[in-house]
Amino acid sequence: MSAREPALSLAPDAVDLAVDFAGQPLKSPLLAASGCFAYGQQFAEFCDLGRLGGLVTKGISPLPRHGNPAPRICETAAGMLNSIGLENVGVDAFLADKLPFLRGLGVAVWVNFFGTDFETYVDCARRLSRGDGVDALEMNISCPNITKGGIEFGTVPEVAHRLTRACVEVSARPIVVKLSPNAGDVVAMAQAVAEAGAAGVSVINTITGMAIDVRSRRPRLATTYGGLSGPAIKPIALRMVHQIARALPHLPISGIGGVMSGEDALEFLMAGATTVQVGTALFAEPGAIHRITQELRDLLAELGIPSARAAIGVLQPLPAEAPIRPR
Amino acid sequence: MSAREPALSLAPDAVDLAVDFAGQPLKSPLLAASGCFAYGQQFAEFCDLGRLGGLVTKGISPLPRHGNPAPRICETAAGMLNSIGLENVGVDAFLADKLPFLRGLGVAVWVNFFGTDFETYVDCARRLSRGDGVDALEMNISCPNITKGGIEFGTVPEVAHRLTRACVEVSARPIVVKLSPNAGDVVAMAQAVAEAGAAGVSVINTITGMAIDVRSRRPRLATTYGGLSGPAIKPIALRMVHQIARALPHLPISGIGGVMSGEDALEFLMAGATTVQVGTALFAEPGAIHRITQELRDLLAELGIPSARAAIGVLQPLPAEAPIRPR
Amino acid sequence: MPAAHFTAATAANRALGGGYFVLELEAAEDTPVGAAQPGHFVMLRGEWGRDLLNPRAFSVLAAPSARRFAILGKIHGRGTARLGALRVGERVAVTGPLGRPFLSPRPGTTQLLIAGGVGLPPLHMQARVAAAAGLHTAVELLYGGRSAQDLVLLDQARDFGVRLHLATEDGSVGHRGFITGPLLARLDRAREAAESVELLACGPTPMLAAVRRIALDRDIPAQLCLEENMACGFGVCLGCAVPVHGPRPYAYCCTDGPVFDAREVRWP
Amino acid sequence: MPAAHFTAATAANRALGGGYFVLELEAAEDTPVGAAQPGHFVMLRGEWGRDLLNPRAFSVLAAPSARRFAILGKIHGRGTARLGALRVGERVAVTGPLGRPFLSPRPGTTQLLIAGGVGLPPLHMQARVAAAAGLHTAVELLYGGRSAQDLVLLDQARDFGVRLHLATEDGSVGHRGFITGPLLARLDRAREAAESVELLACGPTPMLAAVRRIALDRDIPAQLCLEENMACGFGVCLGCAVPVHGPRPYAYCCTDGPVFDAREVRWP
Ligand SMILES: Cc1cc2nc3c(=O)[nH]c(=O)nc-3n(C[C@H](O)[C@H](O)[C@H](O)COP(=O)(O)OP(=O)(O)OC[C@H]3O[C@@H](n4cnc5c(N)ncnc54)[C@H](O)[C@@H]3O)c2cc1C
Ligand SMILES: Cc1cc2nc3c(=O)[nH]c(=O)nc-3n(C[C@H](O)[C@H](O)[C@H](O)COP(=O)(O)OP(=O)(O)OC[C@H]3O[C@@H](n4cnc5c(N)ncnc54)[C@H](O)[C@@H]3O)c2cc1C
Ligand SMILES: Cc1cc2nc3c(=O)[nH]c(=O)nc-3n(C[C@H](O)[C@H](O)[C@H](O)COP(=O)(O)O)c2cc1C
Ligand SMILES: Cc1cc2nc3c(=O)[nH]c(=O)nc-3n(C[C@H](O)[C@H](O)[C@H](O)COP(=O)(O)O)c2cc1C
Ligand code: FES
Ligand code: FES
């Protein structure tokens, strides 16, 4: 005797994956995460980019950046560390050389950006938001790999508020703020940027970590510390998404961290995310998002959930136990 | 042609594993972590407890606690979540029923404790520190699983400072403060408790996370959130140990998080920890600490490092690259 | 019973269809698992590196020698999938035997062994042990599943000489419906005959809940073999809490159970 | 060359001793790896769940058909250990061919192929390709290792008809010492004969550094096949930075390399 829920299974094709993020429609909730997709061209030989929900570019700064010395990456248990150093081509080259390709794909294009100080953040927001084909800006306020300054942008709510407000004021496009999991209180950060006019938040960026090569007695990354990504961080990312969704039910959230399967993506939706980004999974499997999209569709169908939208935030608490009665 | 370092390999037996933590000698740097060892008896049938460096008891509170509803644990990628709810027998039963067994083992006994408010913390420290056979107290200021209050103890440096000072004043034994990785600035926390008289810090406790069962649409833990442990968190733990060791070179650190092998333990020593605790690994392998101790001994011998002491904090930065010269 | 932690090699791994498999493990030396009783369980983990950190719990199905034992597994998630794919010679870390077993039949009382799906192993072993002790008339096996392929190891059960009552939800074998159907019929007969019976059950939680209700309503003693997520299996993680009535709100599935008195369990 | 991401099955996996193994993979359909040139590499990952997240890079050793290719691996850490243990039929995800290969021999110039340990595959393939094109006199293979068991696939290399110079650190085969010994002797002879030579090297970084020094000192062109930790292998993670001279301080091992001009590499 087993109580199976009356699973009103649907045909996978009947499942509607479309979502709206801050008023913008996306074909599917699945986006490629910043830094794991470069500027997209490389993926064209592996998969049909038009089937993505959207993509987030590598983080763009006003001037080109060359990044950190090698080694820049190393593997850890169910995860990896990186200290790429936010290498990128800079705003001008991005707008001229990279954006035209992306705008032709017919999917949501979010441009991730950062500055090295207040002014360069604002400058970047102003210029990038006017790029033809840019749907939204994702502002990275958690740059663990830039050494000088910047840490308060991602960890002090008042500072993040001021920065967000200034960027929102000059931006022609919605700004989604990508939060740092290294902040003590991620809900306070979300609230601060929401009040400053952020259209949504992306949760989470990598968590600062390190690894040591005991044979050489040296850090495995040239910069000593790097950002941890991959399935290892998924429980932390999911918790932060859920905390923010509970506290700020009207703020759209893009969930990120260790998504490898349709089931992972659905966990993020149920926790309250509207879109879900896939990062590290793309390295081992360039077509991961297509597989994950299909898995999500099949799973929603199997569970009788008619649309991605209907899954957002549907998490229920566990039923209470029976009261204690002494025997 | 390969440049091998002149590895002055030693005989494993010649390696001295003894360390001093805050003036107290331990046979080896490896301790069983709180909550993963209960009160020790269960392990006696699997291994010789006298060969541990020491052990940390399950967290003790002034009154017995029954813990949280089920489910209390679930597995995640290279880790697990728990929300045991700090269930324990309470100070009186601990001193009467559990301590006598531990004191007979001939290894360092650290009693982990916590209160539900300022006064009960202090009360606990006073009474436990007078237990016969207690070498040190490990004060848990990061109790993600107690619902009411207490969060500031683990996240606000000034509050942690006051609490530590009050406990140190009444304690007959050194107090090691176990820090929360959920605090925004773990170095500030370490500094605050060091200035308040803590004999050392244990770094880290579990990181708050969650997991969702998409089929039932419910959290996998009855309390929704729980603490993440295991290899998944090792890079984060190691980074925090290293940050604290660099900022506070004289503060003894007990490194914790995902240790599964002698190599993992050596990473923590090199990052600056004086002792290393093993938690989750004990569930799958009750004799894990014995294996890890042997692996650490063999590895130190292979690397020509004569003692555990000599490994503490020996991490070197990577050599710099050649300067850039245009071709 | 003392438990041990040891390494065993896969001696055989037989797929039974429907995701079921019988995994036989053999250690290099005698181990206490050889003395396991029905309801005792072991924690198993393959050489899996850092992912799938915790071992998985399995009831002992049979322990033909002091070195060798078998479990009946069903592929559920990633751990059971890997165990089901083990090849001969591959190694598994074992902790066991763990827990408190079922109580043996008492003279004059018939034990009705109620197994649902993969809850079979401890009851299969109970039947085996009873048969070996010449008590095959003291136990009867009631065994339910979704369809014919959920009813495994029937030939062995028949060899024990115990009476079998089968049920499948699709009616492909035995009674059509849940096993509680045949159980209620059997209990009615017992009442008419003033026969003293006791229930021993293992299976999905909804089945156990139904058996418990029946036992409480009819005031029949019942031992339920429960499952709860486990990290250690030997009482240290405190993860496997089972809500119970009495002075403590929770007991531990691994050390206080997995077999619990139905009256003790604090279910709605 | 276009790359593809596909699944291949283990067609053969042969241990050569000393931790070396030749893994042959076969796809269900033709793949672009069949057209790989010496120095091209593939990223491989088994069905490993969530741990060992990233694929591992391996030079193509041979691509006998459009569906089948082989790599020479050496067990180093956990990934290579798992690949070395693959059994026939087990599946591997492949991305490739990736990178920029070695340049082919130019008329009138002898290519000295300098292989250290597991750096052999791209040079072994270069020798194979040259031999197949009737250019076996245009290449010579200089191959060094710690001891005899580090020198693998020698019979095949002999079959190519290319000249072989061997060295082992323990002197068990060929010259005793590093392969740079025979290399310097060979270069001296080339100088005396006013022979035009070019160096192609793959092996441990210290060996490559020594070859680079020699090439720069003597002003001989040299192509070095480098290794760097890689997450993707196709230019998106930016993890595999190689310090280079020129306007950009870093190039990428996976897309700009793995073969680099020795003058370009910014090493001390
Ligand atoms: C005392 C006891 C005896 C058992 N006997 C058997 C048996 O004889 N044959 C059999 O096939 N199964 C048995 N089970 C259930 C078996 O342990 C689970 O099916 C198995 O743990 C699921 O692992 P997985 O990796 O396949 O699933 P996953 O869902 O991937 O497991 C993830 C995590 O959840 C835990 N988990 C999931 N389901 C269960 C469950 N039902 N019980 C406990 N933990 C769970 C796992 O331990 C693991 O940590 C028993 C469980 C208990 C507690
Ligand atoms: C272009 C290229 C071609 C290669 N060709 C071969 C080959 O033909 N045969 C062969 O045996 N090996 C080759 N290697 C090296 C091989 O990729 C590493 O030995 C392997 O990645 C080590 O993995 P592991 O899991 O065994 O070691 P681990 O040390 O456990 O690996 C941990 C992590 O470090 C990375 N890593 C470690 N060592 C290296 C390394 N030397 N190069 C790149 N990444 C590394 C791994 O990718 C992994 O992410 C090549 C490397 C590169 C970059
Ligand atoms: C190699 C690498 C580079 C990254 N670069 C950026 C970046 O430029 N900007 C940014 O906001 N996040 C960057 N990230 C973070 C990812 O976008 C993502 O937040 C994180 O990796 C967690 O998701 P994952 O576990 O799916 O990888 C990078 C991550 C990786 C692994
Ligand atoms: C089941 C469980 C219970 C724990 N209970 C406590 C506790 O009572 N007090 C405490 O300070 N830490 C407790 N911890 C945290 C561990 O001591 C340790 O800090 C953490 O698990 C990280 O180490 P690990 O990755 O080796 O497990 C517990 C951890 C687990 C997994
Ligand atoms: S499983 Fe750890 S206490 Fe029961
Ligand atoms: S390995 Fe990812 S860019 Fe080279």
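Since this is a predicted model, take the numbers as computed values, not measurements.

**What to know about the nonpolar core**
The biggest cluster of nonpolar side chains holds 322 residues, and the ones touching the most others in it are A:Ile244, B:Leu179 and B:Ile244. Not counting residues within four places of it along the chain, the set of residues in contact with A:Ile244 comprises A:Leu179, A:Val186, A:Val187, A:Ala190, A:Val201, A:Val203, A:Leu251 and A:Ile253.

**Remarks on the site of ligand 4**
With respect to spatial proximity, 24 residues lie near ligand 4, and among them B:Ser34, B:Lys178, B:Gly230, B:Gly258 and B:Thr280 are the closest. Nearby residues around ligand 4 are contributed by chains B and C. B:Lys178 places a polar side-chain atom, nitrogen or oxygen, 2.7 Å from an oxygen atom of ligand 4. In isolation ligand 4 has 610 Å² of accessible area, and contact with the protein removes 98% of it. Looking at the shell around ligand 4 residue by residue, the class counts come to eight nonpolar, 14 polar and two charged.

**Points about the site of ligand 3**
Residues and elements named next belong to chain A. The environment of ligand 3 is formed by 24 residues, the closest being Ser34, Lys178, Gly230, Gly258 and Thr280. Contacts to ligand 3 include isoleucine 204, whose backbone N or O atom sits 3.0 Å from an oxygen atom. Interatomic distance of 2.8 Å between a backbone N/O atom of glycine 230 and an oxygen atom of ligand 3. Taken by itself ligand 3 offers 600 Å² of open surface, and the protein chains cover 98% of this. The residue makeup of the shell around ligand 3, split by class, is eight nonpolar, 14 polar and two charged.

**Digging into the confidence of the model for chain C**
Summarising the model, chain C shows a mean pLDDT of 95, and 100% of its residues fall at 70 or more. Scoring of the predicted complex yields 0.96 for pTM and 0.95 for ipTM.

**Brief notes about the sheet that holds strand E9 (residues 175–178) of chain B**
Across a sheet, strands are paired by hydrogen bonds formed along the backbone, either parallel or antiparallel in direction. Residue and element names in this part refer to chain B. Pairing is parallel around the closed barrel formed by eight strands, whose spatial order is E3-E4-E7-E8-E9-E10-E15-E16. If you compare each strand with its neighbour and ignore which way they point, the axes differ by 25° on average. When strand E7 (residues 108–113) meets strand E8 (residues 136–140), the two strands line up parallel, connected through four bridges. Across the sheet, the residue bridging to tryptophan 110 is alanine 136, located in E8. Against the sheet, helix H7 (residues 262–271) makes contact with strand E3 (30–32), strand E15 (253–256) and strand E16 (275–278), and its axis sits at roughly 145° relative to E16, the strand it touches most.

**Quick look at the interface of chain B and chain A**
Counting residues at the interface gives 52 residues for chain B, matched by 52 residues for chain A. Of the roughly 4400 Å² buried at the junction of chain B and chain A (both faces included), carbon and sulfur atoms supply 64%. The largest contributions to the chain B side of the interface with chain A come from B:Val214, B:Arg217 and B:Leu318, which together make up 15% of the buried area. Between the two partners, chain B and chain A, sit four salt bridges. Close ionic contact of A:Arg215 with B:Glu302 constitutes a salt bridge, the shortest N to O distance being 2.5 Å.

**Remarks on the relation of the copies chain B and chain A**
Note on the identical chains: chain B maps onto chain A by a rotation of 180° and an axial translation of 0.0 Å, with an RMSD of 0.0 Å. Between the two chains, the operation in question is that of a two-fold axis. For chain B, the residue whose C-alpha comes nearest the rotation axis is B:Gly184, separated from it by 1.7 Å. Interface overlap between copies: 100% of the residues of chain B at the interface are likewise at the interface in chain A, consistent with a symmetric, same-surface contact.

**Let's talk about the side chain of A:Ser261**
Here A:Ser261 lies in the loop between strand E15 (253–256) and helix H7 (262–271). The class for A:Ser261 is buried, based on a relative accessible area of 12%. Polar side-chain contacts of A:Ser261 include one of 3.1 Å to the backbone nitrogen of A:Asp264. Not counting the four nearest positions on each side in its chain, A:Ser261 is found in contact with A:Arg291, A:Ile292, A:Glu295 and D:Arg50.

**Side note on the packing of aromatic side chains**
Working definition: an aromatic ring pair is given by the centre-to-centre distance plus the angle between the planes. What the rule picks out here adds up to 14 aromatic pairs over all chains. When the ring of A:Phe43 is compared with that of D:Phe234, the centres are 5.3 Å apart and the planes differ by 85°; the resulting orientation is edge-to-face. Here A:Phe43 is found in the loop between strand E3 (30–32) and strand E4 (54–56), whereas its partner D:Phe234 is found in the loop between strand E12 (222–225) and strand E13 (241–243) on a different chain. D:Phe234 gets classed as buried once you look at its relative accessible area, which sits at 4%. Each ring, one from B:Tyr39 and one from B:Phe94, has its centre 6.1 Å from the other, and the planes form 50°; the classification is tilted.

**A short note on helix H6 (residues 234–247) of chain A**
All names here are of chain A. With 14 residues, H6 extends 20 Å from end C-alpha to end C-alpha; this agrees with the ideal 20 Å at 1.5 Å per step. Counting buried residues along H6, 11 of its 14 residues qualify, which places the element largely inside the surrounding structure. Taken residue by residue, H6 has Lys234, Pro235, Ile236, Ala237, Leu238, Arg239, Met240, Val241, His242, Ile244 and Ala245 as its buried positions.

**Considerations on helix H4 (residues 157–170) of chain A**
Residue and element names in this part refer to chain A. Across its 14 residues, H4 extends 20 Å between first and last C-alpha, which sits within 8% of the 20 Å expected from 1.5 Å per residue. Buried within H4 are the following residues: Val159, Ala160, Leu163, Thr164, Ala166, Cys167 and Val170. The buried residues of H4 occupy one face: seen down the axis, they fall within an arc of 165°. Along H4, the residues that are exposed and aim more than 90 degrees away from the buried face are Glu158, Arg162 and Glu169. The inward-facing, buried residues of H4 abut strand E7 (108–113), helix H2 (118–129), strand E8 (136–140), helix H3 (151–155), strand E9 (175–178) and helix H5 (186–195).

**Some points on the pairing of strand E5 (residues 68–74) of chain D**
Residue and element names in this part refer to chain D. With respect to burial, E5 is a largely interior element, five of its seven residues being buried. Across seven bridges, strand E2 (residues 20–27) lies against E5 in antiparallel orientation. Along E5, the bridge assignment pairs valine 22 with leucine 72.

**A look at the side chain of D:His40**
Here D:His40 lies in the loop between E2 and strand E3 (41–46). Here D:His40 falls in the buried class, since its relative accessible area comes to 3%.

**As for the sheet that holds strand E11 (residues 207–209) of chain B**
If you trace the four strands from one edge of the open sheet to the other, you get E5-E6-E14-E11 (chain B), paired in antiparallel fashion. Every interior strand has two partners, whereas the edge strands, strand E5 (73–76) and E11 of chain B, have only one. When the angles between neighbouring strand axes are averaged without regard to direction, this sheet yields 35°. Pairing of strand E6 (residues 79–82) of chain B with strand E14 (residues 226–229) of chain B, which is carried by three bridges, proceeds in the antiparallel orientation. Along E14(B), the bridge assignment pairs B:Asn82 with B:Gly227. Those strands touched by H6(A) are E5, E6, E11 and E14 of chain B, and its axis lies near 65° from that of E11(B).

Definitions and limits used
- Residues numbered from 1 in each chain as written.
- Chains lettered and ligands numbered in written order.
- Predicted model: local features only at pLDDT ≥ 70, side-chain atom pairs only at ≥ 80, totals over all residues.
- Heavy atoms only, no water.
- Core = buried A, V, L, I, M, F, W, Y, C linked by side-chain atoms within 4.5 Å.
- Buried < 20%, exposed > 50% of the residue type's maximum accessible area, 1.4 Å probe, protein only.
- Contact = heavy atoms within 4.5 Å.
- Near = heavy atom within 4 Å.
- Polar contact = N/O pair within 3.5 Å; in protein donor to acceptor, adjacent residues only side chain to side chain.
- Areas by Shrake-Rupley, 256 points an atom, 1.4 Å probe, with all protein chains shown as cover.
- Nonpolar A, V, L, I, M, F, W, Y, C, P; charged D, E, K, R; others polar.
- pLDDT = per-residue confidence, 0-100.
- Pairing = 2+ DSSP bridges.
- Helix = DSSP H or I, 4+ residues; strand = E, 2+ residues; numbered from the N terminus.
- Axes fitted to C-alpha atoms, helices over the stretch in contact; angles between N-to-C directions.
- Buried area = accessible area lost by both parts, 1.4 Å probe.
- Salt bridge = Lys/Arg side-chain N within 4 Å of Asp/Glu carboxyl O.
- Least-squares fit on C-alpha atoms with pLDDT ≥ 70 in both.
- Phe/Tyr/Trp six-rings, centres within 6.5 Å; stacked < 30°, edge-to-face > 60°.
- Expected span 1.5 Å × (residues − 1).
- Arc of directions from axis to C-beta.

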